[in-house]
Each structure stands twice: as C-alpha cells, then as structure tokens.
Amino acid sequence: MTESDRMEEKAVRKKDRMTLTEAILLETEHRRQLLEEKEKAEQRRALKRPYLDRIRGSLAGGAMGDALGYPVEFMSYEQIRETYGPDGIQAYAPDPETGLAVISDDTQMSLFTANGILIGETDACLGNTGKSVTDHVFEAYQEWLRTQTHGASPEQKHRCWLYEIPELYAERAPGMTCLSALQTGRMGTMEAPLNHSRGCGGVMRVAPLALHC
C-alpha cells in the first residue's frame with residue numbers, strides 16, 4: 001500500500017467516525033426533545049387532574065341541555081307553546097323507540113372534539129409530536145363525518161374510541177355548511193376559509209378546546 005493509499009484510507013476512516021458521531025449527536029438530541037415533550041405533556045395532565053370532575057360536568061351539562069332543547073330546535077315559538085304549554089318544554093321528550101333523551105349533532109361533534117384533543121395529548125405523552133391539536137381534532141371530525149354516511153361501521157379503521165359507539169352514528173340534521181366543509185378533506189383557516197358561513201356551529205362544539213387550554 002502506497003503512502004497515498006494510506007492517507008486516503010485514513011481520511012475515509014476519519015470521515016466515517018465523524019458521520020457516526022454526528023448520527024449519535026442527532027439521535028441524542030432527538031431523544032432529549034422527545035423526553036422534554038413527554039415531561040411537558042405529563043405536567044399538563046397533572047395540572048388538569050383536580051379539574052377532571054369540572055370538565056366532565058361541563059360536557060355532561062352541555063349534553064343535557066342539548067337533549068332538552070333538541071325536540072324543539074326546529075319549532076316556532078307558537079308550535080312550542082302549542083305542544084308543550086305556555087311555559088315551553090320543561091322536561092326531556094324521550095325517543096319513543098329507545099325511551100332515551102336525544103342529543104343533537106352539536107353534542108356529537110363536541111364529544112369528537114374532546115376525543116381528538118385526548119388523542120393529541122396521548123400522542124404527546126408517547127413522544128409522538130408530529131401533529132398539532134388542530135390536526136387531531138380535524139381527523140376526529142373526519143371520523144365523525146364517516147359516522148354520518150351509510151355503511152359506516154365500528155369495525156372500520158379508526159383512532160377515535162367514540163367511533164365504536166353505534167348510537168353516535170344517528171343523523172341529527174347536521175348543518176350543510178359543516179358537512180360540505182368537512183367533505184373537502186381540507187382544513188380551512190381564518191386567512192383561507194372553506195366557506196363564508198356566519199353560523200354558530202363552531203361555538204356549539206368548542207367547549208372541550210377551552211377546557212384543554
């Protein structure tokens with residue numbers, strides 16, 4: 001082996017050592033970031049534990065109020081008084097078939113909002129930080145949209161555990177603006193909205209996000 005060959009081999013080995021060192025440093029930094037994200041997620045969960053009952057109460061209270069008002073959602077004031085008396089509806093009007101009070105699409109989507117947030121928090125605890133809360137909620141909404149189409153089944157691939165509850169597949173007259181926006185398969189933004197709706201649907205399902213923050 002000539003001197004030139006030895007020098008070239010030495011240079012290659014040095015390069016290999018540098019490449020290995022860089023790879024180790026990158027992996028170490030990646031693991032550090034994952035641990036940091038997991039610690040932050042655990043801290044957030046610890047801060048929320050004392051408020052879990054309040055969070056559950058908020059979601060349950062919203063569902064109860066929704067179920068009370070859903071039977072009269074599409075009635076006029078006169079129709080409500082004619083059907084339920086001068087004081088309006090004062091008690092649940094159970095579904096004749098199940099005997100249960102009926103929630104609307106607003107509660108369905110509120111629950112899927114919460115499900116998306118919880119999936120995001122779980123992923124963060126596991127170190128999977130590639131998606132934002134917005135991404136997870138959007139994916140949850142896409143799964144809710146599937147429940148509103150014929151042929152949806154709990155056996156289909158899904159991430160939301162709510163997808164395993166067939167009762168949530170019931171169609172409760174969701175707004176066409178909401179459906180058409182989700183059917184595009186894209187997320188709108190304030191700068192590039194998918195439509196020009198001025199409805200209140202977003203406010204009706206936003207409570208879980210406020211509780212998350």
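Look above for the structure.
These lines cover the structure that appears in this document, whether it is placed above or below. (Residues numbered from 1 in each chain as written. Predicted model: local features only at pLDDT ≥ 70, side-chain atom pairs only at ≥ 80, totals over all residues. Heavy atoms only, no water.)

**Topic: the packing of helix H4 (residues 105-125) against helix H5 (residues 133-147)**
Right, so step 1: Put simply, H4 and H5 touch, their axes get as near as 8 Å, and they point 135° apart. The angle between H4 and H5 falls in the class oblique. The way H4 lies across H5 gives a crossing that is right-handed. On H5, the residues touching Asp105, Gln108, Met109, Phe112, Thr113, Gly116, Ile117, Ile119, Gly120 and Asp123 of H4 are Val133, His136, Val137, Ala140, Tyr141, Glu143, Trp144 and Thr147. (Axes fitted to C-alpha atoms, helices over the stretch in contact; angles between N-to-C directions. Helix = DSSP H or I, 4+ residues; strand = E, 2+ residues; numbered from the N terminus. Parallel < 35°, antiparallel > 145°, perpendicular 65-115°, else oblique. Left-handed = near helix turned anticlockwise from the far one by under 90°. Contact = heavy atoms within 4.5 Å.)

**Some words on the packing of aromatic side chains**
Right, so step 1: Under the criterion given, the structure shown has 1 aromatic pair.
Right, so step 2: Each ring, one from Tyr163 and one from Tyr169, has its centre 5.6 Å from the other, and the planes form 50°; the classification is tilted. Tyr169 carries the same exposure label as Tyr163, and that label is buried. (Phe/Tyr/Trp six-rings, centres within 6.5 Å; stacked < 30°, edge-to-face > 60°. Buried < 20%, exposed > 50% of the residue type's maximum accessible area, 1.4 Å probe, protein only.)

**Quick look at the nonpolar core**
Right, so step 1: Counting 15 residues, the largest nonpolar core has Met109, Phe112, Trp144 and Leu182 as the members making the most contacts within it.
Right, so step 2: Counting only elements with at least two residues in this core, the list comes to H4, H5 and helix H6 (176-183).
Right, so step 3: Take this core: its biggest share by element is 5 residues, from H5.
Right, so step 4: Not counting the four nearest positions on each side in its chain, Trp144 is found in contact with Asp105, Gln108, Met109, Phe112, Pro174, Cys178, Leu179 and Leu182. (Core = buried A, V, L, I, M, F, W, Y, C linked by side-chain atoms within 4.5 Å.)

**Considerations on the environment of Leu168**
Right, so step 1: For Leu168, the location among the structural elements is in the loop between H5 and H6.
Right, so step 2: Relative accessible area serves as the criterion here: at 7%, Leu168 is assigned to the buried category.
Right, so step 3: Setting aside anything within four residues of it in sequence, one finds Leu168 in contact with Ile103, Gln108, Leu111, Phe112, Thr147, Gln148 and Leu162.

**Looking at the packing of H5 against H6**
Right, so step 1: Two elements in contact, H5 and H6, have axes separated by 10 Å at closest approach and are oriented at 115°. Relative to H6, H5 is oriented roughly perpendicular. For the pair H5 and H6, the sense of crossing is left-handed. Of the residues in H6, those in contact with Tyr141, Gln142, Trp144 and Leu145 of H5 are Cys178, Leu179, Leu182 and Gln183.
Right, so step 2: Per-class residue counts for the contact of H5 with H6 are 6 nonpolar, 2 polar and no charged. (Nonpolar A, V, L, I, M, F, W, Y, C, P; charged D, E, K, R; others polar.)

**So, the state of the cysteines**
Right, so step 1: Under the defined criterion, the tally for this structure stands at 0 disulfides.
Right, so step 2: Free of any disulfide, Cys160 has its nearest cysteine sulfur in Cys178, 14 Å distant. (Disulfide = S-S within 2.5 Å.)

**Remarks on H6**
Right, so step 1: For H6, the complete set of buried residues consists of Cys178, Leu179, Ala181 and Leu182. Looking down the long axis of H6, one finds its buried residues gathered within 165° of arc, a one-sided arrangement. Facing away from the buried side of H6, by more than 90 degrees, are the exposed residues Met176 and Gln183.
Right, so step 2: Buried residues along H6 sit against H4 and H5.
Right, so step 3: Positive backbone phi, at 75°, marks Gly185, one or two positions downstream of H6. (Arc of directions from axis to C-beta.)

This is a description of form; function is not addressed.
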